[in-house]
Amino acid sequence: MKLIHGLPPLVALVIAASWLTTLRRSTDAVKQENAVMRERLASPRTSSFSRENRSDPGLKSVRARRERKAPDNLIKPPDDWVSTSRDWTQLVLFNNDEEGYQYTAAFKRLETLASEMSGEELTRAYVDMQALPVHAPFRNYLESVMLKELEKKNPEFAFSQYIERNQDGGAVLGGYGQFDQWLARDPDAATNWYERQLAAGTFDKSLDGNSPARVPFESAFIMSLIDSDPTAAEQIMNNFPPDLRGRFGDYVDVVPKEKRQSLVDLLRKTMPTEEYMALLRETSVFEYNFIIEYNSDPEDAKRSLDRFAVTPEERTALLADQFSEFAAYRAMRASGGGDPRRDEFDANRKWVQAVDPSSADRATGAALQTFLKKLNDPESHDFVERTALDYLDSGAGDELLIPLIEGSANGSNTFPKDRARGLANRITDVTLRNELLQKLN
């Protein structure tokens, strides 16, 4: 055979050998890359709080700036890695896009790590996490978990972040934390920190300088002083602007038994009756829980009120607030086409009569006025007028009509004045009747 006839097979053989060599090298490169990736995932050196990645946060804000999405090509580590890893950054990115992220194995691991980290490590992880592409809902939830731990490990940082997160006035997950616990644990440190915030103008973000962010902290001071220095506690309460004073109750819902009488006494000195009784109704001061349902033994409520020598005026204010909350709920349901539930109004009035007969008419009138204010349509006018007249025919007194008539006179409800005049003419007290008719002119 001539040489030229053997060349094509030889060339083909060389090409095939070259291709196989290239394929083998590519396979080896992929294996090496995978090995490196596994080593990086398993190594704690890539942790977001590793020493080589640390930087001093100083006084800079670490609020989440915007919602960002993790890269689509993120390699998610296996379950056995998740259960043992100490790599905060990878765990965060791994969990970012998961459904029900707060219930995943990765999130449970993050919670465990947060409890194990030192204050320095956890603070650094919190700061470094702001650079990660993490969705806002997940970020807020995880930050709240971290801040709860930091309240114990680095409280100055934690409470500064609570203020930062709430500066826009919105309700942020986690609120303002448990400052009262830090104040009880280390009063000097907590007080010094708070005084530094005041001096630095941290709270003076509103035009009048009365930031709502001060309320949870000063509420904690009030409760810490209420027995040891009641005069100081009273002074702090008096310094609350009227529009912020009512928020005090948001931070004292659980009141220790030994402080309950002192709190009642303080509120009596510093707030109008309607305000402090509405506030107390939402706390644990009264052993009986004054909620909108009226299916309990009224004797339980009476005993709770007697224990604090609640006056007739205070009882009326409390029961009116309770009845009005029920009426607001019924108005909300009726606005969507629901039944006002006259039978429930009747049951509630009967319950109030059993607790304190002298409060029943005023509380009922307040509830009907609330129903009008919340609904304000012709059907509500018919319902309220018919209900009020039925109660009058059943023995109710003048006080039931006063809130309805005054609401029509001052415009706080849309009950027509001609109907209000009809109710005013049912007032038995001549002097009161003429005063109300005069207001309706």
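Heads up: the structure comes first, above all this text.
Residues numbered from 1 in each chain as written. Predicted model: local features only at pLDDT ≥ 70, side-chain atom pairs only at ≥ 80, totals over all residues. Heavy atoms only, no water.

Draft legend 1. Fine view of the overall build of the protein chain. Secondary structure assignment for the protein chain yields 22 helices and zero strands. Taking all 441 residues of the protein chain together, 43% fall into the buried category. In the protein chain, the proportion of contacts linking residues at least 24 apart, taken out of those at least 6 apart, comes to 66%. Here the protein chain displays about 23,500 Å² of accessible surface, and carbon together with sulfur accounts for 51% of that area. (Helix = DSSP H or I, 4+ residues; strand = E, 2+ residues; numbered from the N terminus. Buried < 20%, exposed > 50% of the residue type's maximum accessible area, 1.4 Å probe, protein only. Contact = heavy atoms within 4.5 Å. Areas by Shrake-Rupley, 256 points an atom, 1.4 Å probe, with all protein chains shown as cover.)

Draft legend 2. Spatial organisation of the nonpolar core. In terms of nonpolar packing, the biggest core is built from 114 residues, with Trp 88, Phe 179, Phe 248 and Phe 286 touching the most fellow members. By residue number, the principal contributor to this core is helix α16 (residues 312–335), which donates nine residues. With residues near it in sequence (within four places) discarded, Phe 179 still touches Phe 159, Ala 190, Trp 193, Tyr 194, Phe 217, Ala 220 and Phe 221. (Core = buried A, V, L, I, M, F, W, Y, C linked by side-chain atoms within 4.5 Å.)

Draft legend 3. Representation of unusual backbone geometry in the model. Although it is not a glycine, Ala 309 sits at a positive phi angle of roughly 50 degrees. Taking relative accessible area as the criterion, Ala 309 reaches 55% and is therefore assigned exposed. Of note, Arg 341 is a non-glycine position whose phi angle comes to about 65 degrees, a positive value. Along the chain, the position of Arg 341 falls in the loop between α16 and α17 (342–355).

Draft legend 4. Geometry of the packing of α17 against helix α18 (residues 360–375). With their axes 9 Å apart at the nearest point, α17 and α18 run at an angle of 150 degrees to one another. Looking at the two axes, α17 sits roughly antiparallel to α18. Relative to α18, α17 is oriented so that their crossing is right-handed. Along the contact surface, α17 presents Phe 345, Arg 349, Val 352 and Gln 353, while α18 presents Ala 360, Asp 361, Ala 363, Thr 364, Leu 368 and Phe 371. A per-class count over the contact of α17 with α18 returns six nonpolar, two polar and two charged. (Axes fitted to C-alpha atoms, helices over the stretch in contact; angles between N-to-C directions. Parallel < 35°, antiparallel > 145°, perpendicular 65-115°, else oblique. Left-handed = near helix turned anticlockwise from the far one by under 90°. Nonpolar A, V, L, I, M, F, W, Y, C, P; charged D, E, K, R; others polar.)

Draft legend 5. Just helix α5 (residues 119–128), in detail. Of all ten residues that make up α5, eight are buried, and the element is covered over most of its length. For α5, the elements touching its buried residues are α3 (88–95), α4 (105–116), α6 (136–153) and α7 (155–165).

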